[in-house]
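# Report on the structure
The chain contents come next:
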Amino acid sequence: MTQVPSTAAAATPAAARPVVLAARSVFRFRAVDGQQVPIVRDVSFDLHQGEFAAIMGPSGSGKSTLLHVLAGLDRPSAGQVLLAGQDLAQGNEEHRAAIRRQHLGFVFQFFHLLPDLTVEENVTLPLRILGQSPRRHRARVDSLLGLLGVAKLRDRLPSALSGGEMQRVSIARALVTQPPLLLADEPTGNLSSKAGEEVVALLRSVRDQLGTAVLLVTHNPRDAAAGDRVLFLHDGALRGSAELTGGPFGVADVFRRLQELGI
Ligand SMILES: Nc1ncnc2c1ncn2[C@@H]1O[C@H](COP(=O)(O)OP(=O)(O)OP(=O)(O)O)[C@@H](O)[C@H]1O
Ligand SMILES: [Mg+2]
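Below is a summary of the structure that appears in this document. All values derive from a computational prediction rather than experimental measurement. (Residues numbered from 1 in each chain as written. Chains lettered and ligands numbered in written order. Predicted model: local features only at pLDDT ≥ 70, side-chain atom pairs only at ≥ 80, totals over all residues. Heavy atoms only, no water.)

Further remarks concern the overall build of the chain. Helix and strand counts for the chain stand at 9 helices and 10 strands. By the compact-globule yardstick of 18 Å for 263 residues, the chain fits well, its C-alpha radius of gyration being 18 Å. The dimensions of the chain, computed from C-alpha atoms along their principal axes, are 50 × 45 × 40 Å. Considering the chain as a whole, with its 263 residues, one finds that 49% of them fall into the buried category. Sequence-distant contacts, at least 24 apart, represent 70% of the contacts inside the chain between residues at least 6 apart. Roughly 11800 Å² of accessible area belongs to the chain as shown, and the carbon and sulfur atoms make up 52% of that amount. Taking the 28 positively charged and 25 negatively charged side chains of the chain as two groups, their mean positions are separated by 3 Å. (Helix = DSSP H or I, 4+ residues; strand = E, 2+ residues; numbered from the N terminus. Rg over C-alpha atoms; globule rule 2.2 N^0.38 Å. Buried < 20%, exposed > 50% of the residue type's maximum accessible area, 1.4 Å probe, protein only. Contact = heavy atoms within 4.5 Å. Areas by Shrake-Rupley, 256 points an atom, 1.4 Å probe, with all protein chains shown as cover. Lys, Arg positive; Asp, Glu negative; His and termini not counted. Charge placed at Lys NZ, Arg CZ, Asp CG, Glu CD.)

Shown next, in the form of structure tokens:
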């Protein structure tokens, strides 16, 4: 899928752009003490091309469970997840993996970099998995490493990186196949406050410069306030949302909204 340059993304309101990710009455049950308990309950929303949305909720509210279902890493118990209009529940695991690889990048709290590969080898690994030669994409990989501020670290092993650097490398890896959507589960959860702020600012740059839609899961109001829209999750269900576009909306507003919603 072609990516929208920031100017085009800014010119068209998000709601008028194509939907890259749609959740339709998504449920996820899990067995707890022999009982099937709903961990994600009736979640529906659309994420549009180039949109930056945050999902906020307290620990245990189902954020990771929901994100894994949205990414096709787990199946919904009921409901549908549509990635660029394609139902992730259709087809076998191989088919789902192919849709995932084409349409989304995933960033984890604990980076999941391969310790024996250099930064550059980690970043280009998804290309090799797709059978593509990293050399053919050299210019784009260079520009991605530059955008994430890790170009100088390309020959280092992950053990020689700070947490913030590791997370920036893992974001580059998630973007190397040019997916239209980036999902991030608490990407700042394992970082210092300063490194976390840098990572969130970079996610915004990624959206602005590459036109990638970003869905950020966090329990940090400061991170959530970086989005255009915040979806509030409580006990597995969406309890409302706040549009942040076009106005000065800050951390205090996110806190206020959380209080209003009783979260
Ligand atoms: N495999 C599992 N089996 C049973 N229950 C689970 C399983 N995984 C998660 N849960 C439960 O589901 C609920 C939601 O978990 P989840 O990890 O999605 O929350 P979260 O919002 O991401 O929390 P955190 O902010 O701590 O990461 C929790 O009560 C958790 O104990
Ligand atoms: Mg979680």
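Back to the write-up after that little detour.
What follows is about the sheet that holds strand β1 (residues 19–32). Read from one edge of the open sheet, 4 strands run β2-β1-β4-β5, paired in antiparallel fashion. Looking at which strands have only one partner, the edges of the open sheet turn out to be β2 (35–48) and β5 (86–87). In this fold helix α2 (residues 63–70) packs onto β1, β2 and β4 (78–83), with an angle of close to 125° to the strand it touches most, β1. (Pairing = 2+ DSSP bridges. Axes fitted to C-alpha atoms, helices over the stretch in contact; angles between N-to-C directions.)

A few words on the site of ligand 1. For ligand 1, the set of nearby residues contains 13 residues, the closest of which are Ser59, Gly60, Lys63, Ser64 and Thr65. Ser59 places a side-chain nitrogen or oxygen 2.5 Å from an oxygen atom of ligand 1. One of the side-chain nitrogen or oxygen atoms of Ser64 is found 2.9 Å away from an oxygen atom of ligand 1. Across the complex, the protein chains shield 59% of the 650 Å² of accessible surface that ligand 1 would expose by itself. Counting only elements with at least two residues in the shell around ligand 1, the list comes to β1 and α2. In terms of residue count, the dominant contributor to the shell around ligand 1 is α2 (3 residues). A breakdown of the residues in the shell around ligand 1 according to their chemical character gives 3 nonpolar, 7 polar and 3 charged. (Near = heavy atom within 4 Å. Polar contact = N/O pair within 3.5 Å; in protein donor to acceptor, adjacent residues only side chain to side chain. Nonpolar A, V, L, I, M, F, W, Y, C, P; charged D, E, K, R; others polar.)

Further remarks concern the packing of aromatic side chains. Under the definition given, this model contains 2 aromatic pairs. Measuring from ring centre to ring centre gives 6.1 Å for Phe27 and Phe29, while their planes differ by 5°; the resulting arrangement is stacked. Look at Phe29 and you get partly exposed, because its relative accessible area is 29%. Judged by centre distance (4.6 Å) and plane angle (45°), the ring pair of Phe106 and Phe108 falls under tilted. The exposure class of Phe106 is buried, given its relative accessible area of 11%. For Phe108, a relative accessible area of 26% gives the class partly exposed. (Phe/Tyr/Trp six-rings, centres within 6.5 Å; stacked < 30°, edge-to-face > 60°.)

The next point concerns the sheet that holds strand β10 (residues 237–243). A sheet is described by the order of its strands in space; here 6 strands give the open sequence β6-β7-β8-β3-β9-β10, paired in mixed fashion. Lying at the two open borders of the sheet, with one neighbouring strand each, are β6 (104–107) and β10. Across this sheet, the average inter-strand angle for adjacent strands is 15°, counted without regard to direction. Bridging between strand β7 (residues 181–185) and strand β8 (residues 213–218) involves 5 bridges; their strand directions are parallel. Its bridge partner being in β8, Leu182 is matched across the sheet by Val214. Those strands touched by α2 are β3 (52–56), β6, β7, β8 and β9 (229–234), and its axis lies near 155° from that of β7.

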